[in-house]
Amino acid sequence: MISDSAGEYLLNLSKDTIKHFLDTGKIMVKPTDYPIELDEQLGVFVTLNKKSNLRGCIGYAEPIKPAIDATMEVALAAAFNDPRFNEVSESEFDDLEFEVTVLTKPEIIEVAHYKQYFDEIEIGRDGLIIQKGYARGLLLPQVAVENAFTIEDFLEHTCMKAGISADSWMDESCDVYKFQGQIFK
């Protein structure tokens, strides 16, 4: 994954990107003095919380862009384009808690029987993506810990995030992926 200093850099970058947009209405120019390791293509999520409640969370599950670019894009999306919330206002910026999660590449979990998922998924380590047809849901590793989910709860809630029935993970036509995340707060 990335170094702690690079993770701290991304955390500060997410704050600066949103603050710059709030102050100027313009997208911040990418810095030139960033850690070179952030040129690596990585999945990245930016989560905004306010008084310990979710305020926005958007990201790329797949490593499709350099981490530096992905972080700037998803920070703005979490603040201004998460369909679950109104846009972040300048007056609430100081109340926001920022979190950046850098992801490993998702890997499909191959099982002969759905009960094998219980041996393949570890709460606190793994995040999940569940896909059935065009429906797709993702929950970061910290979601299971924060909500005291069992593995079954985690699977069910990821299905519901995808907009499919909670027990879809038991269906052979459903693909379950796991990934790990490096969290910076």
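Up top is the structure these notes are about.
Residues numbered from 1 in each chain as written. Predicted model: local features only at pLDDT ≥ 70, side-chain atom pairs only at ≥ 80, totals over all residues. Heavy atoms only, no water.

Draft legend 1. Local environment of the side chain of Thr47. When you line up the elements, Thr47 lands in strand 1 (residues 43–50). Look at Thr47 and you get buried, because its relative accessible area is 6%. Dropping the residues within four chain positions of it, Thr47 is found in contact with Leu54, Gly56, Cys57, Glu97, Phe98, Glu99 and Leu140. (Helix = DSSP H or I, 4+ residues; strand = E, 2+ residues; numbered from the N terminus. Buried < 20%, exposed > 50% of the residue type's maximum accessible area, 1.4 Å probe, protein only. Contact = heavy atoms within 4.5 Å.)

Draft legend 2. Representation of the pairing of strand 7 (residues 175–184). The pairing of strand 3 (residues 96–103) with strand 7 spans four bridges and is antiparallel. Opposite Thr101, over in strand 7, you have Ile183 as the bridge partner. Where strand 4 (residues 107–108) meets strand 7, two bridges bridge the pair, whose relative direction is antiparallel. Paired with Ile108 across the two strands is Tyr177, which belongs to strand 7. Taken together, the six bridges between strand 5 (residues 126–132) and strand 7 define a ladder with antiparallel strand orientation. Directly across from Ile129, in strand 7, lies its bridge partner Tyr177. (Pairing = 2+ DSSP bridges.)

Draft legend 3. Local environment of the nonpolar core. By size, the foremost hydrophobic cluster in this structure holds 31 residues, and its most contacted members are Ile2, Leu10, Ile18, Leu38 and Leu48. When residues of this core are traced back to their parent elements, those giving at least two are helix 1 (4–24), strand 1, helix 2 (67–80) and strand 3. The element that contributes the greatest number of residues to this core is helix 2, accounting for ten residues. Apart from the residues within four sequence positions on either side, Leu10 is in contact with Ile2, Leu38, Ala67, Ile68, Thr71, Val100 and Val102. One finds Ile109, Ile121, Phe154 and Cys159 within the second-largest nonpolar core, a separate group that totals 18 residues. (Core = buried A, V, L, I, M, F, W, Y, C linked by side-chain atoms within 4.5 Å.)

Draft legend 4. Up close: the pattern of salt bridges. With the rule as written, the count across this model stands at 13 salt bridges. Ionic pairing is found between Asp82 and Arg84, a salt bridge with its closest N-O pair at 2.7 Å. Note that Lys178 and Glu120 form a salt bridge whose closest N and O atoms lie 4.0 Å from each other. Residue Lys178 is located in strand 7, and its partner Glu120 is located in helix 3 (residues 117–120); the two are separated by 58 residues in the primary sequence. Exposure remark for Lys178: the relative accessible area of 11% places this residue in the buried category. The structure contains a network of salt bridges with shared partners spanning Lys50, Arg55 and Glu92. (Salt bridge = Lys/Arg side-chain N within 4 Å of Asp/Glu carboxyl O.)

Draft legend 5. Quick look at helix 1. With 21 residues, helix 1 should cover 30 Å at 1.5 Å per step; its first-to-last C-alpha distance of 30 Å lies within 8% of that length. Listing the buried residues of helix 1 in full gives Ala6, Gly7, Leu10, Leu11, Leu13, Ser14, Thr17, Ile18 and Leu22. Here the buried residues of helix 1 occupy an arc of 160° about the axis, which is enough to place them on one side. Exposed and oriented more than 90 degrees from the buried face of helix 1 are Asp4 and Ser5. Looking at the buried positions of helix 1, the neighbouring elements they touch are strand 1, helix 2, strand 3 and strand 7. (Expected span 1.5 Å × (residues − 1). Arc of directions from axis to C-beta.)

Draft legend 6. Structural detail: the environment of Asn86. You can see Asn86 is positioned in the loop between helix 2 and strand 3. Judged by relative accessible area, which is 66%, Asn86 ranks as exposed. Between the C-alpha atoms of Asn86 and Arg55, which are 31 residues apart in sequence, the distance is 8.8 Å. Other than its neighbours up to four places away in sequence, Asn86 contacts Arg55 and Ala79.

Draft legend 7. Structural detail: helix 5 (residues 151–162). Relative to the 16 Å expected for twelve residues at 1.5 Å per residue, helix 5 spans 17 Å between its end C-alpha atoms, a close match to the ideal helical length. For helix 5, every residue scored as buried is listed here: Ile151, Phe154, Leu155, Thr158, Cys159 and Ala162. When helix 5 is viewed along its axis, its buried side chains cluster within an angular range of 135° and face the same direction. As for helix 5, its buried residues are in contact with helix 3, strand 5, strand 6 (135–139), helix 4 (141–146) and strand 7. Directly after helix 5, the chain includes Gly163, whose backbone phi takes a positive value near 85°.

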